[in-house]
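Examination of the molecular architecture
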Amino acid sequence: MYLKLSVKNTESDFVKKIEEISGENLMKCNQCGKCSAGCPSVSRMESLPNQVIRRVQLGDESVLEDDTIWLCASCFTCAVRCPKGVDLSKVMEALRLLTLRKNVNYTQIEKIPRDELEVLPPIALVSNFRKMTS
Ligand code: SF4
Ligand code: SF4
């Protein structure tokens, strides 16, 4: 006698979109935490990098509202450390792109105080605008 198992594909559109943009298979992540242990920006993040990927795996779109995805420095430390070959920096980039494609800017240029504009290195401003504005 055979027991027929039916496995439903429960991956949400959100998960599929992030996998499509990042080119990463999110389900390879086993939550070992090595990415978070080596991340230089982690002390200022609302969620740890491994928590970000877990929330995306679960289809939790509220992850887009966290500052965390914008505080990622795209340093690739997580990608180098991951034993499962997941490039989390690409996942963070995909999450930012999903927001920017809706014409939502993280940096609002007009709100940067003039005294800060006078002391900030131009290259910092340029890279900020490239990464955080649509
Ligand atoms: S290092 Fe890789 S497998 Fe481990 S939690 Fe981070 S993304 Fe997941
Ligand atoms: S790429 Fe982003 S998430 Fe990964 S270690 Fe660097 S700052 Fe942290």
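Residues numbered from 1 in each chain as written. Chains lettered and ligands numbered in written order. Predicted model: local features only at pLDDT ≥ 70, side-chain atom pairs only at ≥ 80, totals over all residues. Heavy atoms only, no water.

1. Some thoughts on the site of ligand 1
Contacts to ligand 1 come from Cys29, Asn30, Gln31, Cys32, Gly33, Lys34, Cys35, Asn50, Cys82, Pro83 and Lys84. Split by residue class, the shell around ligand 1 holds five nonpolar, four polar and two charged. (Near = heavy atom within 4 Å. Nonpolar A, V, L, I, M, F, W, Y, C, P; charged D, E, K, R; others polar.)

2. Regarding the site of ligand 2
The environment of ligand 2 is made up of Cys39, Pro40, Ser41, Cys72, Ala73, Ser74, Cys75, Phe76, Thr77, Cys78, Ser89 and Met92. Only α5 (77–81) and α6 (88–100) provide two or more residues apiece to the shell around ligand 2. (Helix = DSSP H or I, 4+ residues; strand = E, 2+ residues; numbered from the N terminus.)

3. Considerations on the confidence of the model for the protein
Mean pLDDT over the protein stands at 90; residues scoring 70 or higher make up 93%. Between residues 1–8, whose pLDDT stays under 50, and residues either more than four places distant or in other chains, the model counts zero contacts. (pLDDT = per-residue confidence, 0-100. Contact = heavy atoms within 4.5 Å.)

4. Considering the domain arrangement of the protein
When the parts come together, some accessible area is lost, and that loss is often what is quoted as the size of the interface. Considered domain by domain, the protein is made up of domain 1 (13–102) and domain 2 (107–134). Look at where the C-alpha atoms of domain 1 and domain 2 centre, and you get two points 24 Å apart. At the junction of the two partners, domain 1 supplies six residues and domain 2 supplies four residues. Interface area for domain 1 against domain 2, summed over the two sides, is near 420 Å², with a carbon-plus-sulfur share of 59%. Per-residue buried area on domain 1 facing domain 2 is highest for Trp70, Arg96 and Leu100; these three make up 87% of the total on that side. The tally of links between domain 1 and domain 2 comes to one residue pair in polar contact (both at pLDDT 80 or more). (Domains from an automatic or database assignment. Buried area = accessible area lost by both parts, 1.4 Å probe. Polar contact = N/O pair within 3.5 Å; in protein donor to acceptor, adjacent residues only side chain to side chain.)

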